[in-house]
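Survey of secondary and tertiary structure
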Amino acid sequence: MKGIKVDYMLIASITLSFIIITASFVNFAYSQPSQMSPNSSKEGNTNANTPNIQDIPTKKVHVGDIDIAYKTFGKGDPILLINGYSFAMDNWDPTLLEKLASNHTVIVFDNRGIGNTTSGSEQKFSIGLFANDTAGLLEALKIRKADVLGWSMGGAVAQELTLRAYPKNR
């Protein structure tokens with residue numbers, strides 16, 4: 001992985017199931033109902049700290065043969081969220097984003113060919129290709145150390161990213 005020094009990169013990959021991500025009505029730490037439903041608007045939201053992902057400006061960066069669309073928000077150490085297949089960055093659960101943004105700089109992005117990220121010239125998509133794109137995004141953002149959270153296919157991408165960062169462990 002060019003540009004990223006392995007010594008300074010920490011990647012923790014967690015694969016979450018679709019059920020956990022979409023079951024945002026429950027605060028899993030306390031088993032209490034969330035104050036925000038996925039359909040609540042900004043006006044009806046009782047928790048003003050919940051970021052409305054649609055209101056955060058989308059930025060783009062050129063990586064390899066694609067333009068990756070991404071958003072950042074929050075404060076603290078960076079955490080990169082890698083979505084599952086066919087899900088765009090705006091599909092992350094607002095309650096999860098709120099919890100993460102309270103002590104992390106959250107980075108969400110669209111994988112190659114999804115949402116506002118271009119498909120590029122590569123004809124065959126693979127987990128390895130997505131891992132390369134993700135590493136390129138971290139390099140372009142000059143992030144040398146980040147936590148990584150992926151769900152579904154994003155979990156596989158996070159694992160491949162970890163294996164590429166630490167090749168001697170293979």
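Here's a quick rundown of the structure.

The rules behind the values
- Residues numbered from 1 in each chain as written.
- Predicted model: local features only at pLDDT ≥ 70, side-chain atom pairs only at ≥ 80, totals over all residues.
- Heavy atoms only, no water.
- Pairing = 2+ DSSP bridges.
- Helix = DSSP H or I, 4+ residues; strand = E, 2+ residues; numbered from the N terminus.
- Salt bridge = Lys/Arg side-chain N within 4 Å of Asp/Glu carboxyl O.
- Buried < 20%, exposed > 50% of the residue type's maximum accessible area, 1.4 Å probe, protein only.
- Core = buried A, V, L, I, M, F, W, Y, C linked by side-chain atoms within 4.5 Å.
- Contact = heavy atoms within 4.5 Å.
- Polar contact = N/O pair within 3.5 Å; in protein donor to acceptor, adjacent residues only side chain to side chain.
- Phe/Tyr/Trp six-rings, centres within 6.5 Å; stacked < 30°, edge-to-face > 60°.
- Axes fitted to C-alpha atoms, helices over the stretch in contact; angles between N-to-C directions.
- Parallel < 35°, antiparallel > 145°, perpendicular 65-115°, else oblique.
- Left-handed = near helix turned anticlockwise from the far one by under 90°.
- Nonpolar A, V, L, I, M, F, W, Y, C, P; charged D, E, K, R; others polar.

**Things to note about the pairing of strand β4 (residues 59-63)**
- Two elements, β4 and strand β5 (residues 66-74), share 5 bridges in a ladder whose sense is antiparallel. Residue pairing in the sheet places K59 in a bridge with Y70 of β5.
- In sequence, β4 turns back onto β5 through a hairpin of 2 residues, with G64 there showing a positive phi of about 60°.

**Notes on the pattern of salt bridges**
- Summed over the entire model, instances satisfying the criterion amount to 4 salt bridges.
- Two residues, D65 and R112, come together in a salt bridge whose shortest N-O distance is 2.8 Å. Here D65 is found in the loop between β4 and β5, whereas its partner R112 is found in the loop between β7 (104-109) and α3 (127-140), with 47 residues between them in sequence.
- For D65, a relative accessible area of 32% corresponds to the partly exposed category.

**Let's talk about the nonpolar core**
- Ranked by internal contacts, the top residues of the largest apolar core, which has 21 residues, are I68, L80, I82, F109 and L137.
- When residues of this core are traced back to their parent elements, those giving at least two are β4, β5, β6 (77-82), β7, α3 and α4 (153-165).
- Here this core takes 5 residues from α3, the largest share from any one element.
- When sequence neighbours within four positions are dropped, the list of residues in contact with I82 reads W92, F109, N111, T134, V148, L149, G150, W151, G154, V157 and A158.
- Counting 15 residues, the second largest nonpolar core, distinct from the first, contains A69, F73, A101 and W151.

**Digging into the environment of H104**
- Locating H104 in the fold gives a position in strand β7.
- H104 sits in the buried class, given a relative accessible area of 16%.
- Expressed as a C-alpha distance, the spacing of H104 and A146, which sit 42 residues apart in the sequence, is 9.8 Å.
- Setting aside residues no more than four positions away along its own chain, H104 makes contact with F73, G74, K75, G76, D77, P78, I79 and D147.
- Here the side chain of H104 touches N103 through a polar contact of 2.7 Å, side chain to side chain.

**A word on the pairing of β5**
- Pairing of β5 with β7, which is carried by 5 bridges, proceeds in the antiparallel orientation. Residue pairing across strands places F73 opposite V106, the latter belonging to β7.

**Regarding the packing of aromatic side chains**
- For the coordinates displayed, the defined rule picks out 3 aromatic pairs.
- Seen from their ring centres, W92 and W151 are 6.4 Å apart, and the 80° between their planes marks the pair as edge-to-face. On the criterion of sequence distance, the pair formed by W92 in the loop between β6 and α2 (94-101) and W151 in strand β8 (residues 147-151) is long-range, its members being 59 residues apart. The two residues W92 and W151 agree in class, both being buried.
- An aromatic cluster is defined as three or more aromatic residues linked by ring pairs; in this entry it consists of F87, W92 and W151.

**Overview of α2**
- With respect to burial, α2 is a largely interior element, 6 of its 8 residues being buried.
- Among the residues of α2, P94, T95, L97, E98, L100 and A101 are the ones counted as buried.

**Section: the packing of α3 against α4**
- Two numbers describe how α3 lies on α4: the axes approach to 8 Å, and their chain directions differ by 70°. Taken together, α3 and α4 sit at an angle that is classed as roughly perpendicular. Note that α3 runs across α4; the crossing there is right-handed. Contact with α3, carried on its side by I127, G128, F130, A131, N132, T134, A135 and L138, involves M153, A156, V157, E160, L161 and R164 of α4 and no other residues of that element.
- Partitioning the contact of α3 with α4 into residue classes produces 9 nonpolar, 3 polar and 2 charged.

Purely geometric numbers; function is a separate question.
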